[in-house]
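Fold and contact review
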Amino acid sequence: MARADFLFKTSLRVRYSEVDAQGIVYNAHYLTYADIALTEYMRHLGIIFTVDTAKESGEDVHLVKATVEWKAPALLDQELDLWVRTTRLGRTSMTFLVEIHPKAEDRLLARCEIVWVNTHQESRKSAPLPPDWVEKIKALDGRTLAVD
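Calculation rules
- Residues numbered from 1 in each chain as written.
- Predicted model: local features only at pLDDT ≥ 70, side-chain atom pairs only at ≥ 80, totals over all residues.
- Heavy atoms only, no water.
- Helix = DSSP H or I, 4+ residues; strand = E, 2+ residues; numbered from the N terminus.
- Phe/Tyr/Trp six-rings, centres within 6.5 Å; stacked < 30°, edge-to-face > 60°.
- Buried < 20%, exposed > 50% of the residue type's maximum accessible area, 1.4 Å probe, protein only.
- Pairing = 2+ DSSP bridges.
- Core = buried A, V, L, I, M, F, W, Y, C linked by side-chain atoms within 4.5 Å.
- Contact = heavy atoms within 4.5 Å.

Let us look at unusual backbone geometry. Phi at D77 is positive, roughly 70°, even though this residue is not glycine. Structurally, the position occupied by D77 is in the loop between β2 (59–70) and β3 (79–89). A positive phi angle, near 60°, is found at A104, a position not held by glycine.

What follows is the structure in structure tokens.
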């Protein structure tokens, strides 16, 4: 994807605790970066996840799929831009694409695909996505969004 296909970005700097002996980001941290990016994306949409909101609604999202494609290493102290967009909305699930680039560069370091399912916590069964979430996501990413 081109960065122009994304309308949301957040940034971070690679910390010492995230690199291995070669001075590059250890592979598992890319999923942490994707989680940070998704948290900020949802916050940008006004969708805030807390223990209290899950208790009040009786629902929460669960990660059901995560894939990472590594293209080039991220390095210690490097500033990264994390680009996020929703690529698909189902009845109960959402698929996100997170791309990790060096700050202000179009060079792709890693691409993550993340799938969340909204789940009723007591029954542990999938539940329809909240309509206000669907509308907020469509308002931001509707031009490139697949809806089932």
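Once you've had a look at it, read on.
A separate point is the packing of aromatic side chains. Applying the stated criterion across every chain, the model contains eight aromatic pairs. Between Y30 and Y33, the ring centres sit 6.0 Å apart and the planes meet at 65°, which makes this aromatic pair edge-to-face. With Y30 and Y33 both in helix α1 (residues 29–45) and three residues apart, this pair spans about one turn of that helix. The buried category is assigned to Y33, whose relative accessible area is 0%. Residues F49 and W133 carry aromatic rings whose centres are separated by 5.5 Å and whose planes lie at 90° to one another, so their mutual orientation is edge-to-face. Taken as a pair, F49 in the loop between α1 and α2 (51–57) and W133 in helix α3 (residues 131–141) lie far apart in primary sequence, 84 residues in all. According to the relative accessible area criterion, W133 is buried, its value standing at 12%.

Bringing the pairing of β3 into the picture now. β3 sits mainly inside the fold: eight of its eleven residues count as buried. Across six bridges, strand β1 (residues 8–13) lies against β3 in antiparallel orientation. In the strand pairing of β3, L12 is matched with L80. The pairing of β3 with strand β4 (residues 93–102) spans nine bridges and is antiparallel. When the bridges of β4 are listed, V84 appears paired with V98. Between β3 and the antiparallel strand that follows it, β4, lie three residues.

Membership of the largest hydrophobic core comes to 36 residues, with the highest contact counts inside it found for Y33, Y41, L80 and M94. Put simply, the parts of the chain that give this core at least two residues each are β1, α1, β2, β3, β4, β5 (110–120) and α3. No other element matches α1, which puts eight residues into this core. Those residues in contact with M94, other than ones at most four positions away along the chain, are V61, R88, L89, I114, V115, W116, L129, W133 and I137.

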